Protein chains: 2
Amino acid sequence: MSRTEFEPIVDTTRRAEIVGQLRRAILTGKLSPGQKVNELKISKEMRVSRAPLREAVRELVQDGLLTNIPYAGAYVINVVPKDIEDAYALHHVLEDFAIELVWPLRDQRFAAELDRRHVQVKEATRALDTTRQIETALQLHSVIYEWSDNALLLDTWQRLARRLQMYFALHQQARDEPVPDVDMHEDYVRLLKGDDTAAAKQHAREHIDWNFAELVAYAESLAAKRK
Amino acid sequence: MSRTEFEPIVDTTRRAEIVGQLRRAILTGKLSPGQKVNELKISKEMRVSRAPLREAVRELVQDGLLTNIPYAGAYVINVVPKDIEDAYALHHVLEDFAIELVWPLRDQRFAAELDRRHVQVKEATRALDTTRQIETALQLHSVIYEWSDNALLLDTWQRLARRLQMYFALHQQARDEPVPDVDMHEDYVRLLKGDDTAAAKQHAREHIDWNFAELVAYAESLAAKRK
DNA sequence: GTCAATCAGATTGTCGACAATCTAGCAAGA
DNA sequence: TCTTGCTAGATTGTCGACAATCTGATTGAC
């Protein structure tokens, strides 16, 4: 029996590529909230016909990153403070649930994966690459969802994570000061590897709340500017 | 100032219509789990070109009702016991959260809406319309999510509800005995209108578990048959 | 007989063009 | 000046056809 395991072949359709590009554009702020997604313009820029682009837009609409008004177009979602509050409230609940599920399933590979992604966060932080820092931080948080052995929970988290990534990205983009290089995740990782469930949950809660207020304040300024 | 408020015009594109038809077909079992969705065949039956059909398929893929394999096609998702367990576990968590959020927001309109939808469930039950019974029961459960004032939670619930609707529909379709006409929701509605949060949560938990075991048993038989 | 190469059929992915719809601007009338 | 109706332009929705890819059967060599 062969011991090597092969990765599935990547979906190599234009649509998938387009989805990736559009998502990245939204999450990095290249497409701002409220902005219209002009099919003809973008399809020309991407050297692609409108069919796969439109299918990609459908996916992102279902993803919640775009909204669609028939015969009017697709728009990048707007961000209001309430959205961020809602996302954080749900995040608390899901994180609690994930920790509960993952607790008896932890093994050495779980701990190794935590460390691996933690390193990536620290690398991005040291490199002052804020976009990547946000991305890797969310990937670190994803570990408990991936290991919780609940496909639906993982799916729900990934949807939420994309929203959070957008909020963070907008926030970082707005403030010009460099990202703080203190390591926020040392305790998070340590407690997840430890034996105290309650402490892990409690710390996760606080960790999530860390820059919540700042984020809401940003959204408020955005809303004020729009008006 | 005018006092009348008008409803937004319904989106009337073929795509939206197709999404509705396909979703209904899946949720009522007209398209069985694992079955392939042949674009050409269906588009001919619907007298529609493949473009809007494909866009509709993209939406349902994102919805989790279909899976897509590039250059191979879209398939109705398979149901295995683990899926149902996962869905119920998440349902518990969300229901708890929704009750918590909705508790201080309840008013007379909330109670009225609960009653209204409860009546619809009872009507469907009396009419022995199992499909509609499933639909109305889930709509009754939706009330707390709609009133919890958290758009993301509502969205998450609606995705979960569609999965549950599919599971229920498959189950009902498989067993030939008529649906029980006892009213399972009397206590549910009463407790949601009452003053005891803990009791409401506890009952919701039990209510959700009501036919969980039966559903899992069905999924197991399905899995066995497939093998 | 077994296995690999090849080929035909079917199905999905993509394209360019046309139809339906919306929006902004202008003109006519009260 | 405000409202209404019209028009032109732009944009989205839909269509039919072609290209790329997969699947299964057939063929041929060994």
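All values derive from a computational prediction rather than experimental measurement. (Residues numbered from 1 in each chain as written. Chains lettered and ligands numbered in written order. Predicted model: local features only at pLDDT ≥ 70, side-chain atom pairs only at ≥ 80, totals over all residues. Heavy atoms only, no water.)

(A) Just the protein's contact with DNA strand C, in detail. In the vicinity of DNA strand C lie 21 residues, with A:R14, A:S49, B:N38, B:R50 and B:R54 positioned nearest. Near the protein, within 4 Å, the atoms of DNA strand C are sugar or phosphate in 75% of cases. Within the contact set of DNA strand C, a phosphate oxygen lies 3.2 Å away from a side-chain nitrogen or oxygen of B:N38. B:R54 has a polar side-chain atom sitting 2.6 Å from a phosphate oxygen of DNA strand C. Breaking the surface near DNA strand C down by element, the ones donating at least two residues are α1 (14–27) and α3 (50–63) of chain A together with β1 (36–37) and α3 (50–63) of chain B. Of the residues in the surface near DNA strand C, the class split is eight nonpolar, five polar and eight charged. (Near = heavy atom within 4 Å. Polar contact = N/O pair within 3.5 Å; in protein donor to acceptor, adjacent residues only side chain to side chain. Helix = DSSP H or I, 4+ residues; strand = E, 2+ residues; numbered from the N terminus. Nonpolar A, V, L, I, M, F, W, Y, C, P; charged D, E, K, R; others polar.)

(B) How the structure looks around the interface of chain A and chain B. Between chain A and chain B, the contact holds 30 residues from the first and 30 residues from the second. For the pair chain A and chain B, the summed buried surface comes to about 2,700 Å²; carbon and sulfur atoms form 59% of the total. The three residues of chain A that bury the most area against chain B are A:R58, A:Q62 and A:L152, which together make up 21% of that side's buried surface. Between chain A and chain B we count eight salt bridges in total. Between B:R54 and A:E55 there is a salt bridge, with its nearest N and O atoms 2.8 Å apart. (Contact = heavy atoms within 4.5 Å. Buried area = accessible area lost by both parts, 1.4 Å probe. Salt bridge = Lys/Arg side-chain N within 4 Å of Asp/Glu carboxyl O.)

(C) Focus on the pattern of salt bridges. Tallied over the entire structure, the rule returns 39 salt bridges over all chains. The salt bridge partner of A:R54 is A:E39, with a shortest N-O separation of 3.0 Å. Note that A:R54 is positioned in helix α3 and A:E39 in helix α2 (residues 39–45), a separation of 15 residues in sequence. Taking relative accessible area as the criterion, A:E39 reaches 18% and is therefore assigned buried. Of the charged contacts in the structure, one is a salt bridge between A:K82 and A:D86, with a shortest N-O distance of 2.5 Å. Of this pair, A:K82 and A:D86 are both found in helix α4 (residues 81–102), four residues apart, which corresponds to roughly one turn of the helix. Overall, the relative accessible area of 29% leaves A:K82 in the partly exposed class. Counted as one network, the salt bridges with shared partners bring together A:R15, A:E55, A:E59, B:E39, B:R50, B:R54 and B:R58. (Buried < 20%, exposed > 50% of the residue type's maximum accessible area, 1.4 Å probe, protein only.)

(D) Looking closely at helix α9 (residues 197–209) of chain B. Residues and elements named next belong to chain B. The first and last C-alpha atoms of α9 sit 18 Å apart over 13 residues, in line with the 18 Å expected at 1.5 Å per residue. When α9 is considered as a whole, its buried residues turn out to be A200, K201, H203, A204, H207 and I208. The arc enclosing the buried residues of α9, seen along the axis, measures out at 170°, which places them on a common side. Here α9 starts with a cap whose side-chain oxygen sits 3.3 Å from the backbone nitrogen of A198, and that cap is D196. (Expected span 1.5 Å × (residues − 1). Arc of directions from axis to C-beta.)

(E) Region of interest: the protein's contact with DNA strand D. In the vicinity of DNA strand D, 20 residues are found, and the nearest of them are A:N38, A:R50, A:R54, B:R14 and B:S49. When the atoms of DNA strand D within 4 Å of the protein are grouped by moiety, sugar and phosphate amount to 75% of the total. Separating a phosphate oxygen of DNA strand D from a side-chain N or O atom of A:N38 is a distance of 3.2 Å. At the level of elements, β1 (36–37) and α3 of chain A together with α1 (14–27) and α3 of chain B are the ones that each hand at least two residues to the surface near DNA strand D. The residue makeup of the surface near DNA strand D, split by class, is eight nonpolar, four polar and eight charged.

(F) Representation of the pairing of strand β3 (residues 73–76) of chain B within the structure. Residue and element names in this part refer to chain B. Bridge count for β1 against β3 is two bridges, and the pairing is antiparallel. Residue K36 lies in a different strand from β3, and its bridge partner there is Y75. If you look at the hairpin formed by strand β2 (residues 66–69) and β3, you'll find three residues sitting between the two strands, and Y71 has a positive phi there, around 65°. (Pairing = 2+ DSSP bridges.)

(G) View of the relation of the copies chain A and chain B. When chain A is brought onto chain B, the operation consists of a screw motion whose angular component is 180° and whose axial shift is 0.0 Å, with 0.1 Å RMSD remaining. Here the symmetry operator amounts to a two-fold rotation axis. Among all C-alpha atoms of chain A, that of A:E55 lies closest to the rotation axis, at 2.7 Å. With an isologous cut-off of 70% or more, the 100% of interface residues of chain A that recur at the interface of chain B puts this contact in the isologous class. (Least-squares fit on C-alpha atoms with pLDDT ≥ 70 in both.)

(H) Spatial organisation of the sheet that holds β1(A). Residue and element names in this part refer to chain A. Across the sheet, which stays open at both edges, the three strands sit in the order β1-β3-β2 with antiparallel pairing between neighbours. Edge strands, defined here as strands with exactly one partner in the open sheet, are β1 and β2 (66–69). Judged from the four bridges that link them, β2 and strand β3 (residues 73–76) form a sheet pairing that is antiparallel. Residue pairing across strands places N68 opposite A74, the latter belonging to β3.

(I) Quick peek at the side chain of B:H118. By the element assignment, B:H118 lies in helix α5 (residues 108–126). Ignoring sequence-local partners within four residues, the contact set of B:H118 consists of B:L140, B:D183, B:H185, B:E186 and B:V189.

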